[in-house]
Amino acid sequence: MQGPFFDKNLSADGAHSCASCHMPSQAWSSDQLSVGKLTRAVPSLYGAADKQYFFWDGRAASLEAQVMEVLENPAEMNSSRLLVARYALDNGRPIASCRPTTHGLADELTSLAPSQLTASESRRLYLGLDLESRSEVDKSFACVAHLIADYVRSIPIPRTVWTSAPKRKNDIDPSVWRGAVVFAGKGRCATCHYGQSFSDGQFHNIGIANVNEVDISDPGRFSAVQSMRQNEYNLLAKTYYPSRVAETEFNVSEEMWGAFKTPSLIGLSKRHKFMHNGRFGSIGEVVDYYDTLKLAVVPTHHYVGLLSPLNLSQEERADLIAFLNSL
């Protein structure tokens, strides 16, 4: 039976599911920037189980909060907690534990027209419910989000030559092996890309502006930290799944401006959009960027040494790309 991650009935138009953007065939990512009008690329879900903060700017303190925001974002699923609660009422779905139980609420939800269940139209109806019914809707909404989040946590890291033992030099293509040496050494990639999913889960400004920009207009982590404590999805997740929610007490600093989460490198060869805004269309373009830092917007306050040209030879560049394609 289809799980909620793949179910298009959770979107307002019945045409999109989580898998519409996070496609298994593209390393749980996709080429598109978004379903709607978002300007950030679709990140891979590999390694999500080990991370604390979600979205490129880390504004969600748990996977549950991330899922809830996507469901109610008009530019993504354009759904609502009323639609999700009604979805949970369907006896044909394996989510009986998420069904709202308040007397009369089921009839009220099933009587709503599809147009009343979109993100923009449902808020007034939700606020018009009595407190007990509103609490039941929130509980159901969080429960379905938790099921989706747990599915994401269950996505395994695929087996590659690097995740399978033993990793002997003679078993690996010479170019790939040399590329691994560049990755860990001269390329300085392992400064941020390490661990099972090749990501430190932290946030860095690497000088990437949008095309035609001379500065970095997307504040990234800076804006996220300012709003995290009052983020309604973080608060809702903390109410029902407190053990899943990460600490959200941060002091905002200028170094957070334009900083975005280090993405996983697993399944890199299956992707076609790179960086938080999808600026580059190939691994080669990414390597060229780090190699030359051409068009980089380097903040004066950032960590000295993190951003400096690599000056790779042609062979080192080719070997590094071969290694990245092997992940």
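Residues numbered from 1 in each chain as written. Predicted model: local features only at pLDDT ≥ 70, side-chain atom pairs only at ≥ 80, totals over all residues. Heavy atoms only, no water.

Caption draft 1: A look at the packing of aromatic side chains. Overall, the coordinates contain 12 aromatic pairs when judged by the stated rule. Measuring from centroid to centroid gives 5.6 Å for Phe6 and Tyr151, while their planes differ by 80 degrees, and the two rings are edge-to-face. Placement of the pair is Phe6 in the segment before α1 (18–21) and Tyr151 in helix α6 (residues 131–153), with a sequence separation of 145 residues. Note on Tyr151: relative accessible area 30%, which makes it partly exposed. An aromatic cluster is defined as three or more aromatic residues linked by ring pairs; in this entry it consists of Phe5, Phe6, Trp28 and Tyr151. Lying over the aromatic face of Tyr126, Arg81 brings its terminal NZ or CZ to 5.0 Å of the ring centre. Note that Arg221 overlies the ring of Phe250, its terminal NZ or CZ placed 5.0 Å from the centroid. (Phe/Tyr/Trp six-rings, centres within 6.5 Å; stacked < 30°, edge-to-face > 60°. Helix = DSSP H or I, 4+ residues; strand = E, 2+ residues; numbered from the N terminus. Buried < 20%, exposed > 50% of the residue type's maximum accessible area, 1.4 Å probe, protein only. Lys NZ or Arg CZ within 6 Å of the ring centre and 35° of its normal.)

Caption draft 2: Focus on the nonpolar core. Phe323 and Leu324 are the most contacted members of the largest nonpolar core, which has 74 residues in total. Only α1, α2 (63–72), α3 (81–88), α6, α7 (174–184), α9 (232–240), α10 (283–292) and α11 (314–325) provide two or more residues apiece to this core. The element that contributes the greatest number of residues to this core is α6, accounting for eight residues. If near-sequence neighbours (up to four positions away) are discounted, Leu324 is found in contact with Phe183, Leu265, Leu268, Ile283 and Val287. Listed in part, the 11 residues of the second largest apolar core include Leu83, Leu89, Leu105 and Leu112. (Core = buried A, V, L, I, M, F, W, Y, C linked by side-chain atoms within 4.5 Å. Contact = heavy atoms within 4.5 Å.)

Caption draft 3: Up close: the side chain of Asn231. Residue placement: Asn231 occurs in the loop between α8 (221–227) and α9. A distance of 2.8 Å separates a polar atom in the side chain of Asn231 from the backbone nitrogen of Tyr233. Beyond its immediate chain neighbours, meaning those up to four positions away, Asn231 contacts Arg59 and Glu69. (Polar contact = N/O pair within 3.5 Å; in protein donor to acceptor, adjacent residues only side chain to side chain.)

Caption draft 4: Inspection of the packing of α7 against α11 at higher detail. The N-to-C vectors of α7 and α11 enclose an angle of 100 degrees; their axes lie 7 Å apart at closest approach. One finds that α7 runs roughly perpendicular with respect to α11. Counted together, Ser175, Val176, Arg178, Gly179, Ala180, Val182 and Phe183 of α7 and Glu315, Glu316, Ala318, Asp319, Leu320, Ala322, Phe323 and Leu324 of α11 form the full contact between these two elements. (Axes fitted to C-alpha atoms, helices over the stretch in contact; angles between N-to-C directions. Parallel < 35°, antiparallel > 145°, perpendicular 65-115°, else oblique.)

Caption draft 5: Fine view of unusual backbone geometry. For Trp28, which is not a glycine, the phi torsion comes out positive at approximately 60 degrees. By secondary structure assignment, the location of Trp28 is in the loop between α1 and α2. For Leu295, which is not glycine, the phi torsion reads 70 degrees and is therefore positive. The residue Leu295 is located in the loop between α10 and α11 in this model.

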